[in-house]
Amino acid sequence: MLGLIQDQPLLISSMIEFAERHHGDTEIVSRRVEGDIHRYNYRELGLRARRLANALDKLGLLFSDRVATLAWNGYRHMEMYFGVSGSGRVLHTINPRLHPEQIAWIMNHAEDQLLCFDLSFLPLVQAVHAKCPGVKHWVALCNADRLPADSGIPGLLSYEDWIGAQSPDYAWPRFDENSASSMCYTSGTTGNPKAALYSHRSTTLHAYAAALPDVMCLSARDSVLPVVPMFHVNAWGIPYSAALMGCKLVFPGPAMDGKSIYELIEAEQVNYAAGVPTVWQMMLGHMKPAGLRFSTLRRTVIGGSACPPAMIHTFKEDYGVEVLHAWGMTEMSPLGTLCTLKSKHLAYPKDEQMKLLQKQGRAIYGVDLKIVDGDGKELPWDGKTYGDLLVRGPWIVNGYFKGEGGDPLIEDEQGRRWFPTGDVATIDADGFMQITDRSKDVIKSGGEWISSIAIENLAMAHPAVAMAACVGMPHPKWDERPIVAVVKRPGAQLTREEMLAFYEGKVAKWQIPDDVVFVEAIPLGATGKMLKTKLREQLKGYQLPSL
Ligand code: ADP
């Protein structure tokens, strides 16, 4: 017997319709590539998303055709989130920090039909243009008067002219909620990039889940600044959740430096922000010497790579900002876990609470987690035993676009299919998951594993350290030994011996790095994460002191 409930597909268009109707006058503020601040609201967003949908129809783009973006966080990008997916096309957000060769490869692989780009990416577009003959239309996200006279891109359109010529009347089509809505390529540190292909259903479920109180806790009273780029896993789903909840949105555009972000937070009374640790490192680096304070910021979601405990502590104790440590992956839309305390933990001493809050947190309903050993046997949730982390759920991929890389899932004895995250983790009795490492970064020393994250986090707690990366170096006896590459804070003094002494008593003796290498910078990847492959290349020829 079926339930007697209306059968309405979960479509992205319904989110913008809802936001328009129920939160029409809620503001969306963007710092533009043009340099100024642009403001409008969900009503105007909806209207322009419909114009865009009409414009895509006019160009003859078909259902499921891919529409690419090379764009910062801003209102036009947001219009594309809804206009492209809502009209049945697939939004392909491209990370502009990738190499042009990689971008061209991705665009050809995705078979993009149209590319919309911010003018700051014109040189990049010029570099890929000739390599992407399949792209039929090129649109610059600007007014006609800003179109460069000799862009070298025949038929280049201005977004404002293009959508401005269209009617705002448009009936969002109804189709299968499992239809593809957007796609995002993983950074592909090894091999070619592979694309996660999200659906309307997965995006909607993720948007609901992300907004929940013990997840991102978003509401119509929040002013939200997603620093996490809209080209990185849909800005962690914030644009969608914000539309469902009616949050004010504040977009930073191209100005991602600490000073600009801080000023925007203050000017727009942002109480909620989200980004990777390196972004906050820059902002705190700007604020501290100038003695600046936040007047409205209360919470920030930090994820994408391990948030150093020292950062959680600084935010909380020095600035009164609660850090929500989150973990996820491109393949998971991206949210998997988020760290908030349970009721019983409120009675714990502060340092115990802090220890919990450093973990990556508890699974969100919809995401199932387990850790397994090398034979696929499930390991206990004791907070100590670590193993390969597997996940499953309705917003987790079951394969990659065009079947790249084959079937990634692993079947267990009950026939349930799991996605292997490539992370190594522990899970405690309360379900708090902690990432020990990425399996490829974990340091194998004398048959034991050393967590590179743990070593980095400790280094980051030293006041003279701005950034630290721990990697394993080959060792004839122990297999590998850890060393830590350290970037000193400007003007700070720190010797190798002082750094090594700092570890004493904090980790087991055999886990203390064998050496400290001072570097100018740690190489960062396209999504702001430390690129350990690159660091290892830079350290080529390095010899452990004991050898
Ligand atoms: P890519 O894999 O392409 O670098 P993702 O954004 O999908 O891009 O990266 C997902 C990976 O990032 C996770 O598998 C995990 O290793 C790491 N990660 C994400 N969030 C955290 C976190 N809070 N703590 C530690 N690692 C994290």
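Residues numbered from 1 in each chain as written. Predicted model: local features only at pLDDT ≥ 70, side-chain atom pairs only at ≥ 80, totals over all residues. Heavy atoms only, no water.

Novice: Before we go on, may I ask you to explain the overall build of the protein chain in this structure?
Specialist: In terms of regular secondary structure, the protein chain is built from 16 helices and 26 strands. Scaling as 2.2 N^0.38, a compact globule of 547 residues should have a C-alpha radius of gyration of about 24 Å, and the protein chain matches this with 24 Å. Considering the protein chain as a whole, with its 547 residues, one finds that 58% of them fall into the buried category. Pairs at least 24 residues apart make up 67% of the contacts formed inside the protein chain by residues separated by at least 6 positions. As displayed, the protein chain offers around 22,900 Å² of accessible surface, 52% of which is attributable to carbon and sulfur atoms. The average position of the 55 basic charges and that of the 61 acidic charges among the side chains of the protein chain differ by 2 Å. (Helix = DSSP H or I, 4+ residues; strand = E, 2+ residues; numbered from the N terminus. Rg over C-alpha atoms; globule rule 2.2 N^0.38 Å. Buried < 20%, exposed > 50% of the residue type's maximum accessible area, 1.4 Å probe, protein only. Contact = heavy atoms within 4.5 Å. Areas by Shrake-Rupley, 256 points an atom, 1.4 Å probe, with all protein chains shown as cover. Lys, Arg positive; Asp, Glu negative; His and termini not counted. Charge placed at Lys NZ, Arg CZ, Asp CG, Glu CD.)

Novice: Is there a simple way to explain the sheet that holds strand S8 (residues 180-185) in this structure?
Specialist: Within a sheet, neighbouring strands are paired by backbone hydrogen bonds and run either parallel or antiparallel to one another. On the basis of which strands lie adjacent, the open sheet formed by seven strands has the order S7-S6-S5-S3-S4-S8-S9 and mixed pairing. Looking along the sheet, the strands with just one partner apiece sit at the ends: strand S7 (157-158) and strand S9 (195-199). Here four bridges tie strand S3 (residues 66-70) to strand S4 (residues 90-93), and the two strands are oriented parallel to one another. Of the residues in S4, the one forming a bridge with Val67 is Leu91. Along the sheet, helix H4 (residues 100-110) makes contact with S3, S4, strand S5 (112-117), strand S6 (137-140) and S8, crossing S8 at roughly 155 degrees. Together, S3, S5 and S6 form the strand contacts of helix H5 (residues 122-129), whose direction differs from that of S5 by roughly 160 degrees. (Pairing = 2+ DSSP bridges. Axes fitted to C-alpha atoms, helices over the stretch in contact; angles between N-to-C directions.)

Novice: Help me out: how do you make sense of the nonpolar core in this one?
Specialist: Generally speaking, soluble globular proteins have nonpolar side chains that are buried together. Counting 142 residues, the largest nonpolar core has Phe82, Leu115, Trp162, Met216, Trp280, Phe294 and Phe315 as the members making the most contacts within it. Here the element with the most residues in this core is helix H2 (residues 42-58); it accounts for seven residues. Apart from the residues within four sequence positions on either side, Trp162 is in contact with Leu52, Ala55, Leu56, Leu59, Leu114, Cys116, Val139 and Leu157. Counting 20 residues, the second largest nonpolar core, distinct from the first, contains Leu458, Ala459, Leu500 and Phe502. (Core = buried A, V, L, I, M, F, W, Y, C linked by side-chain atoms within 4.5 Å.)

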